[in-house]
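# Fold and contact review
Residues per chain are reported as follows:
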Amino acid sequence: MHSFGYRANAVLTFAVTVLALICAIASFSDNLNSPSPSADVQVLNINWFQKSTQGNDEVFVFLAAEYETPQNSLNQVSLWDGIIPSKEHAKFGIHTTNKYRFTDQGSNLRGKEYNLTLHWHVMPKTGKMFADKIVMTGFGLPEEYR
């Protein structure tokens with residue numbers, strides 16, 4: 001007869017093996033999934049530009065202004081961000097001023113063209129993270145600051 005410890009060890013080993021197999025299958029099946037979220041952003045109004053003298057899959061979303069300078073081919077300024085905690089909250093509309101200021105540290109951005117880019121990162125509980133973006137062109141900064 002086998003002892004209780006021997007039987008418990010056999011049952012536990014079997015359970016962990018089955019759990020590891022299920023995790024491996026779930027991880028592999030994540031490679032077969034190709035999520036395709038979509039977004040639509042409208043900038044209704046830019047009030048002013050100020051010169052500065054100084055549980056479930058979650059989706060992290062942020063809106064960035066992107067522009068080029070002679071020193072850097074890509075500069076990003078985050079204007080708004082948010083976390084979508086579940087599918088039920090995925091469709092939303094907000095009317096807000098920018099969460100973070102888009103400031104010019106000198107006078108280098110006067111009249112500069114920029115793009116608004118909506119980035120999103122899907123963060124599942126398991127598996128790989130998925131990221132994508134939508135670029136909206138045709139925005140410009142004013143020639144004069146107030």
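Report follows, based on the coordinates.

Cut-offs and rules
Residues numbered from 1 in each chain as written. Predicted model: local features only at pLDDT ≥ 70, side-chain atom pairs only at ≥ 80, totals over all residues. Heavy atoms only, no water. Phe/Tyr/Trp six-rings, centres within 6.5 Å; stacked < 30°, edge-to-face > 60°. Buried < 20%, exposed > 50% of the residue type's maximum accessible area, 1.4 Å probe, protein only. Helix = DSSP H or I, 4+ residues; strand = E, 2+ residues; numbered from the N terminus. Core = buried A, V, L, I, M, F, W, Y, C linked by side-chain atoms within 4.5 Å. Pairing = 2+ DSSP bridges. Axes fitted to C-alpha atoms, helices over the stretch in contact; angles between N-to-C directions.

A complete count under the given rule lists two aromatic pairs for this structure. Note on phenylalanine 60 and phenylalanine 62: the rings are 5.8 Å apart at their centroids and 35° apart in plane angle, and the pair reads as tilted. Taking relative accessible area as the criterion, phenylalanine 60 reaches 26% and is therefore assigned partly exposed. Geometrically, the ring pair formed by tyrosine 114 and phenylalanine 139 is stacked, given 5.8 Å between the ring centres and 25° between the ring planes. Of this pair, tyrosine 114 sits in strand E3 (residues 113–123) while phenylalanine 139 sits in strand E4 (residues 130–140), and the two are 25 residues apart along the sequence. Grouping residues by exposure puts tyrosine 114 and phenylalanine 139 together as buried.

By size, the foremost hydrophobic cluster in this structure holds 19 residues, and its most contacted members are Val61, Phe102, Tyr114 and Leu116. Broken down by secondary-structure element, the contributors of at least two residues to this core are strand E1 (58–67), strand E2 (75–84), E3 and E4.

The pairing of E3 with E4 spans nine bridges and is antiparallel. Across the sheet, leucine 116 pairs through a bridge with methionine 136, a residue of E4. Where E3 folds back on E4, the antiparallel hairpin that results is connected by six residues, among which glycine 127 adopts a positive phi of roughly 95°.

Moving on, we get to the sheet that holds E4. Reading across the sheet, the four strands line up as E2-E1-E3-E4 and stay open at both edges, with antiparallel pairing between neighbours. Taken across any chain shown, the strands that pair with only one partner, and hence form the sheet edges, are E2 and E4. Neighbouring strand axes in the sheet, compared pairwise and without regard to direction, differ in orientation by 15° on average.

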